[in-house]
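Spelled out from the first residue to the last, the chains are:
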Amino acid sequence: MICKIVSKNFEIENLHTLEVAKRNGAYKSIDKAFKKKQTEIESEISKSGLRGKGGGGAPAGAKWCLVSTSAQKSYLVVNADESEPGTFKDREIMDKDPHLLIEGILLTCYAINAHDAYIYIRGEYKFFADRLNEALKEAYADGILGQNVKDFGYRIDITVHRGAGAYICGEKSALIESLEGNRGHPRLKPHEPSPEYYFGKPTLVNNVETIATVPFIINNGADAYRSFGTQKSPGTLLFGMSGHINKPGIYEMAFGESMQDFINILGGGVKNGKKLKAVIPGGASTPILSAKEVQTARLDYESLREIGSALGTGGMIIMDEDTCMVKVLKNLLSFYSHESCGQCTPCREGTAWVDGIISNLLNKKGKADDIELLSDISKTMNGKTICVFAPAVAMVIDGFILRFRDEFEAYIKESSYV
Ligand SMILES: Cc1cc2nc3c(=O)[nH]c(=O)nc-3n(C[C@H](O)[C@H](O)[C@H](O)COP(=O)(O)O)c2cc1C
Ligand code: SF4
């Protein structure tokens, strides 16, 4: 089941140092790529079908084109905010193989004709920011970065920027606002496909893992990447497992594998011999699946969308038969209510309101129409806000009610206010 592309060298001791990384093939792709035309790199990425690995699965090639066709100065921003609960794959890359990320950044900058890249990392991840800065220092000293990348006459500078620890700063336009020194508020989105704009210049924002996949494609070709996964979801992803599972961790697999096999074979099954009750498939913002749905679910974008959920970041949260779904939803809603940036009324008020309703339920103060009220508020949050934070919360609520309504009803029945 395991299929290692990005994680292929993770086990090697001291891989984070330049010497060990180079001994294991790091920066080989630069010699190949920088002799080619920039458009050739971009078209190889388009052909590979690489999809963004930060949660949305947007085709990378199409996004690169939006920036590279611009005559203006452009930037690359790598999204290392990784704040989605249940997701911890980007940190694994930055810890184990930071030079792979730097190599991917060099290739991407060259392809989109950018000379400056920023890695925006969540403030709390100091260890990982230090790891990256050490790797950058070594790469500068070795002439891999700076005025004259590997003597190819092309300048690339990379800066690590630490955020202040807000979930919303993972959203690409909020991230750029924060990088510009402003409050991390998402921007309104244009109707047409468009790049992001950093200080008014076209900017590509890609996730850490997306960028770390680029060297494999350049070294081995688009077809080699396409030989893994499914037709519409080609390649691999660093899938994660946490919660009630025997072997939590990160496992790289091709898209399209069985979720149940992933849990049983790689994860070693549910902890303490308990039965599986539910799985949140791709970070907290993806709708929950029941154990029955998990039996036939496949791990690719299309399959999960068909059953009313989403692949998201591929960070799965496993829950056993003893888990109270009302308490799980309360945990998530407290998080969302705290993290809403507050710009849009349906989100700011809605997340606090639904959180309050679930608190009342848990305190046996529920009302007969609470489930309808939750659904109603969730409708108000969907499709009426600046960013997709609120619609994602709405889908999370709907997913719990659709699959575990009886547990919410049981709390209402026990309530003194009914
Ligand atoms: C609320 C919210 C939080 C997000 N957090 C992250 C994050 O931590 N890391 C990430 O790469 N993308 C995150 N995204 C997605 C980014 O907006 C963006 O789509 C992504 O970085 C693009 O990179 P990709 O195409 O390589 O996936 C978030 C989106 C939203 C709406
Ligand atoms: S939906 Fe929520 S998080 Fe997104 S911009 Fe509006 S208030 Fe902020």
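Look above for the structure.
All of these numbers come straight from a predicted model, not from anything done at the bench.

Q: Run through the layout of surface pockets, naming residues and quoting values.
A: In this model, the second largest pocket occupies a volume close to 310 Å³. Taken together, 20 residues make up the lining of the second largest pocket; nearest its centre are Lys-8, Asn-9, Gly-25, Leu-100 and Asn-219. Mapped onto the lining of the second largest pocket, the elements with two or more residues apiece are helix H6 (98-112) and helix H9 (208-220). Among the elements that take part in the lining of the second largest pocket, H9 stands out by supplying 6 residues, more than any other.

Q: Which residues make up unusual backbone geometry, and what are the values?
A: Negative phi is the rule for most residues except glycine; trans is the rule for most peptide bonds. Even without a glycine there, the phi angle at Asn-113 is positive, about 65 degrees. Position of Asn-113 relative to the elements: it lies in the loop between H6 and strand E2 (116-121). Looking at Asn-113, the relative accessible area reads 41%, which means it is partly exposed. Of note, the phi angle at Asp-151 is positive, near 65 degrees, even though the residue is not glycine. Secondary-structure assignment places Asp-151 in the loop between helix H7 (126-141) and strand E3 (157-162). When its relative accessible area of 68% is taken as the criterion, Asp-151 is described as exposed.

Q: Could you give me a rundown of the packing of aromatic side chains, with the residues and numbers involved?
A: All told, the structure shown has 21 aromatic pairs when counted by the stated rule. Judged by centre distance (5.3 Å) and plane angle (80 degrees), the ring pair of Tyr-110 and Tyr-154 falls under edge-to-face. Here Tyr-110, found in helix H6, pairs with Tyr-154, found in the loop between H7 and E3; they are 44 residues apart in sequence, far enough to count as distant. A network of ring pairs unites the aromatic residues Phe-239, Tyr-251, Phe-255, Phe-262 and Tyr-301 as a single cluster.

Q: Quick rundown of the sheet that holds E3? Include the residues and the values.
A: In spatial order, the strands read E3-E2-E1-E5-E4; together these 5 strands make up an open sheet with mixed pairing. The open sheet has two free edges, formed respectively by E3 and strand E4 (196-198), since each of these has just one partner strand. The mean angle between the axes of side-by-side strands here comes to 35 degrees, regardless of whether they run parallel or antiparallel. Across 5 bridges, strand E1 (residues 75-80) lies against strand E5 (residues 201-207) in parallel orientation. Residue pairing in the sheet places Tyr-75 in a bridge with Thr-203 of E5. Helix H8 (residues 172-179) contacts E1, E2, E3, E4 and E5 of the sheet and is inclined by roughly 5 degrees relative to E4.

Scoring rules and cut-offs
- Residues numbered from 1 in each chain as written.
- Chains lettered and ligands numbered in written order.
- Predicted model: local features only at pLDDT ≥ 70, side-chain atom pairs only at ≥ 80, totals over all residues.
- Heavy atoms only, no water.
- 1 Å grid on protein atoms, 1.4 Å probe; cavity = no way out; pocket = protein on both sides within 12 Å on 5 of 7 lines; lining within 4 Å.
- Points joined across faces, edges and corners; volume = space filled by probe spheres on them.
- Helix = DSSP H or I, 4+ residues; strand = E, 2+ residues; numbered from the N terminus.
- Buried < 20%, exposed > 50% of the residue type's maximum accessible area, 1.4 Å probe, protein only.
- Phe/Tyr/Trp six-rings, centres within 6.5 Å; stacked < 30°, edge-to-face > 60°.
- Pairing = 2+ DSSP bridges.
- Axes fitted to C-alpha atoms, helices over the stretch in contact; angles between N-to-C directions.
- Contact = heavy atoms within 4.5 Å.

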